[in-house]
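# Coordinate analysis (summary)
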Amino acid sequence: MRAAYFTKLQKALAAADLAEPVLLLDRQRLDKNIKQLKRMLPKNMAYRIVAKSLPSAPLLKHIAAKADTNRLMSFNRVMSEQILAAMPKADQLLGKPLPVAAAAALFDGLAAVKGKQAARQMQWLVDTPTRLKEYEALAAKLKLKLRVNLEIDVGLHRGGMMPGPDLEAALARLAKSKNLSLAGYLGYEPHLSKIPNIGGWRRRAKQGAAQAYGAALAQGRAHFTAAHIEGMVRNMAGSPTFGLYQDTALANELAAGSALVKPSDFDMPMLKDFEPAAFIATPALKVSQEVRLPALEYASKMLGKPKTGTGIFIHGGYWMADAVWPKGLKTSGLFGRSSNQEFLLGPKNLPLKPDAFVFLRPTQSEAIFLQFPKIAVFDGRRICDIWQPLPVSA
Ligand SMILES: Cc1ncc(COP(=O)(O)O)c(C=O)c1O
């Protein structure tokens, strides 16, 4: 089954005249993963696409259409600008707080009409009362109403506000601000699936996160109407945790990105029904049944015999990825890593011809997608499209 799958991919790539490293995206598997994610969402739960983990405009549009959502999470000014241009109707929630100068630069780059529209599409994540003040000054200067989403620390301790005095100060300022509106809360909690499940630790952390988010919502109700707090964006989760939610009592939308292509860092019980949908495909430039380590012929006999197996040099390499096909390919400590022509050692008599494709599975998607100018889209039979990644941004 695996052999048949990769043989099909090899044929499709060759038929598309591809002869360089590409990111291969299996659209059937992606679509199945989207369905699976939707199936796991509780009733009335909205879904927000984590753009940094799926950084390609046509890919984001495809997912938005299939998953029937216009909610995206972006992570830096350039990415936000790219999404504003590619998907002008998408609602964009920043996944991290940006220096106010970055927000100012985004508006500087837009004509007045577009600036107004951007102000309606963007939710700026704010983590402290100080940053809130800075965004208020920017909004006043721009004569725009900016939408603010408050980062709530529910136990990850990556910053944000816990229920308490800082949140109180932020809510009080928002409630009387003419230039800012409260668009929602964000409480990210990926640690809940990572802390060891021993002695009730994970269960207590989960309860703690729910309590913190609940208390932050209660604090919000002291400054805004219950309907406002109920109806605003109440964002939580990521790929490792969206499966933990059974109703919309706390969160009314869940974010996830990586799960849809499932790189190997996401091989976890929660995502067992998701399939890997992105691979690096690269030609094996040289295939040899004789593994000759550098200068071994000049070494003393102490070093032992030459290695047996199939030695291959691939086009490119040193990616955050592991070879998955043909089976048994490994990097070699003796040759070291190379971004130009990486050496992989395989079992004896590997039936691989020079220029045939080798497949690697990324460990994560966000950096890997940006490293390949071509995303080859496989529809189950052939390469049906070539997509581009978003231009690199930090
Ligand atoms: C705020 C926030 N939400 C959600 C996610 C989840 O992304 P993914 O589903 O790709 O793990 C991230 C990832 O870093 C994040 O920072």
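Calculation notes
- Residues numbered from 1 in each chain as written.
- Predicted model: local features only at pLDDT ≥ 70, side-chain atom pairs only at ≥ 80, totals over all residues.
- Pairing = 2+ DSSP bridges.
- Helix = DSSP H or I, 4+ residues; strand = E, 2+ residues; numbered from the N terminus.
- Buried ≥ 20, exposed ≤ 12 C-beta atoms within 10 Å, placed from the backbone.
- Domains from an automatic or database assignment.
- Contact = placed C-beta atoms within 7 Å.
- Nonpolar A, V, L, I, M, F, W, Y, C, P; charged D, E, K, R; others polar.
- Core = buried A, V, L, I, M, F, W, Y, C linked by C-beta atoms within 7 Å.
- Near = placed C-beta within 6 Å.

## Considerations on the pairing of strand 10 (residues 278-288)
In summary, the side chains of a regular strand alternate between the two faces of the sheet. Summarising the sheet, strand 1 (residues 22-26) and strand 10 pair through four bridges and their orientation is antiparallel. Paired with Val-22 across the bridge in strand 10 is Ala-281. Judged from the four bridges that link them, strand 10 and strand 15 (residues 357-362) form a sheet pairing that is antiparallel. Among the inter-strand pairings, Pro-283 is bridged to a residue of strand 15, identified as Phe-357. Direction of pairing for strand 10 relative to strand 11 (residues 310-315): antiparallel, over a ladder of four bridges. Paired with Ser-288 across the bridge in strand 11 is Gly-311.

## Here's the deal with the environment of Lys-178
Within the secondary structure, Lys-178 sits in the loop between helix 8 (165-176) and strand 7 (180-187). Residue Lys-178 is classed as exposed on the basis of its 9 C-beta neighbours within 10 Å.

## Remarks on the domain arrangement of the protein chain
Here the protein chain is partitioned into domain 1 (1-26 + 262-394) and domain 2 (46-251). Put simply, the middle of domain 1 and the middle of domain 2, counted by C-alpha atoms, are 37 Å apart. Taken together, the contacts link 16 residues of domain 1 with 16 residues of domain 2. In terms of residue class, the side of domain 1 that touches domain 2 is built from 12 nonpolar, three polar and one charged.

## Focus: the nonpolar core
Core analysis: the largest hydrophobic core is formed by 110 residues, its most contacted members being Leu-23, Leu-24, Leu-25, Val-148 and Ala-376. It is helix 9 (residues 201-221) that contributes the most residues to this core, six residues altogether. Taken together, domain 1 (1-26 + 262-394) and domain 2 (46-251) each give at least three residues to this core, which thus spans both.

## Description of the site of the ligand
Around the ligand lies a shell formed by Val-50, Ser-53, Met-73, Gly-95, Tyr-188, Gly-238, Ser-239, Ala-255, Ala-256, Gly-257, Ser-258 and Ala-259. Classifying every residue of the shell around the ligand by side-chain character gives six nonpolar, six polar and no charged.

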